[in-house]
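# Inside the fold
What follows is each chain in one-letter form.
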Amino acid sequence: MGTLRDLQYALQEKIEELRQRDALIDELELELDQKDELIQKLQNELDKYRSVIRPATQQAQQQSAGTLQGEQRTKRQAISAEPTAFDIQDLSHVTLPFYPKSPQSKELIKEAILDNDFMKNLELSQIQEIVDCMYPVEYGKDSCIIKEGDVGSLVYVMEDGKVEVTKEGVKLCTMGPGKVFGELAILYNCTRTATVKTLVNVKLWAIDRQCFQTIMMRTGLIKHTEYMEFLKSVPTFQSLPEEILSKLADVLEETHYENGEYIIRQGARGDTFFIISKGKVNVTREDSPSEDPVFLRTLGKGDWFGEKALQGWELYASDLFYINIFL
Ligand code: CMP
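Residues numbered from 1 in each chain as written. Predicted model: local features only at pLDDT ≥ 70, side-chain atom pairs only at ≥ 80, totals over all residues. Heavy atoms only, no water.

### Quick word on empty space enclosed by the protein
Any space left empty among the atoms is revealed by the rolling of a water-sized probe across them. Selection criterion: In this analysis, the protein atoms alone were mapped onto a 1 Å grid. Cavities are point sets where a 1.4 Å probe fits without being able to get out; pockets are open sets with protein on both sides within 12 Å along at least five of seven lines; lining residues have an atom within 4 Å of a point. Grid points are joined across faces, edges and corners, and a volume is the space filled by probe spheres set on the points. Polar here means any residue outside two lists: the nonpolar Ala, Val, Leu, Ile, Met, Phe, Trp, Tyr, Cys and Pro, and the charged Asp, Glu, Lys and Arg; Gly therefore counts as polar.
Applying the stated criterion to the full structure yields 1 cavity of 30 Å³ or more. Within this model, the largest cavity holds a volume of roughly 30 Å³. Residues of the lining of the largest cavity, tallied by class, amount to 9 nonpolar, no polar and no charged.

### A short note on the packing of aromatic side chains
Applicable threshold: Note on ring pairs: Phe, Tyr and Trp rings are taken, using the six-membered ring of Trp, and paired if centres are within 6.5 Å. Classes follow the plane angle, with under 30 degrees stacked, over 60 edge-to-face and the rest tilted. Labels follow the DSSP assignment, with helices taken as runs of H or I lasting at least four residues and strands as runs of E lasting at least two, numbered in each case from the N terminus. Under the scheme applied here, a residue whose accessible area is under 20% of the maximum for its type counts as buried, over 50% as exposed, and between as partly exposed, the area being computed with a 1.4 Å probe on protein chains only. Lysine and arginine charges are scored as sitting over a ring when NZ or CZ, respectively, is within 6 Å of the ring centre and within 35 degrees of the ring normal.
Scanning the model with the defined rule gives 8 aromatic pairs in all. Each ring, one from F273 and one from W304, has its centre 5.7 Å from the other, and the planes form 50 degrees; the classification is tilted. Of this pair, F273 sits in the loop between β10 (262–264) and β11 (274–278) while W304 sits in strand β14 (residues 304–305), and the two are 31 residues apart along the sequence. When its relative accessible area of 31% is taken as the criterion, W304 is described as partly exposed. Among the aromatic residues, ring-to-ring pairing joins Y49, F118 and Y188 into one connected group. Between K101 and the ring centre of W205, over which it is positioned, the NZ or CZ distance is 5.1 Å. Between the NZ or CZ atom of R265 and the centre of the ring of Y262, over which it lies, the distance is 3.7 Å.

### Quick look at the layout of surface pockets
The computed volume of the second largest pocket comes to approximately 720 Å³. Surrounding the second largest pocket, 32 residues form its lining, N44, E45, K48, C173 and M175 being those nearest its centre. Elements supplying a minimum of two residues to the lining of the second largest pocket: α1 (2–64), β4 (163–167), β5 (170–175), β6 (180–181) and α5 (183–187). Residue contributions to the lining of the second largest pocket peak at 9 residues, all from α1. Of the residues assigned to the lining of the second largest pocket, the class counts are 13 nonpolar, 7 polar and 12 charged.

### Examining the environment of V200
Rules: Only heavy atoms matter for contacts: two residues are in contact if any of them lie within 4.5 Å across the pair.
Structurally, the position occupied by V200 is in the loop between β7 (195–198) and β8 (202–208). We classify V200 as partly exposed; its relative accessible area is 34%. The spacing of V200 and V163 is 37 residues in sequence and 7.4 Å in space, taken between C-alpha atoms. If we skip the residues at most four places from it in the chain, V200 touches Y139, G140, K141, G161 and K162.

### Topic: the confidence of the model for the chain
Keep this limit in mind: Summary of the metric used: pLDDT quantifies the predictor's per-residue confidence within the range 0 to 100.
Per-residue pLDDT for the chain averages 84, and the proportion of residues at 70 or more is 81%. When the criterion is pLDDT under 50, residues 62–85 qualifies, and its contacts beyond four places in sequence or with other chains add up to 41 contacts. Contacts of residues 319–323 to residues separated by more than four positions or lying in other chains number 19 contacts, the stretch itself having pLDDT below 50.

What follows is the structure, encoded as structure tokens:
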């Protein structure tokens, strides 16, 4: 009797063990599915990058061969790489179209842009302008919205529906609401890198290349003008020729540091040159780890640091000021 009870008990234990294993297997399978999904997503992103690397490289070669103006800005060409004959005056007069939309649609477009690797670094003001300019487009089931190899003229955000992306006949992915597509041909000035077909009826928002380019260039040119003015206000740079200042303005990037934050640490490898546009920084040097750092000087607006001579010095934002740096 005792033996039978023992056997029943052992059986129960085994059943429980099996149940736990099944639960673990389910959990692991779910994790595996999620990882597969992530791999697929990353693979798609990689494919997208790969499909624009070649055209971008070709463009760089064209530039160095002089097919584009020598002084064309290089940094901002990473996005919207088209040569332009416009200047700020031309662009400031361009009136962009405005299409009213619901707050939900505005949010959807904004979030779609922020979710897109190639567009998420746009400034919020640019995203706002894109949102305003987008107009509604609808396609029925089984329509071809974008054909691989074509010259592209529109960037889309999907509001509703589902599309399939294929390249050379191979399915890359499907996309649902809240996704941007058709951005690569416009951003990188290349032909369409894939085909996009509808799987159901879809509602889209679209912006044309010209509006898109205007938004991109206008912000770039406004910033360039601002940076030129700033550089001209710095005594050290005032006497530099206009074209050198312009090249400097091309590569300037604005960086903000909190009060008390270190900008350069003594001993760290320095590869950045800073010009202070607002605020103050303290320069200190640590002669020995056991001693307090020695205060050397305070730098302010128009001062610069980060060139070789300053390597090995330590800088931190002073207690009194919030600093704003152009590098
Ligand atoms: P574009 O090249 O202008 O037109 C086809 C679009 O398909 C492309 O922009 C991207 O938006 C999208 N696309 C291209 N390759 C991929 C990919 N590997 N995964 C997801 N979307 C892609």
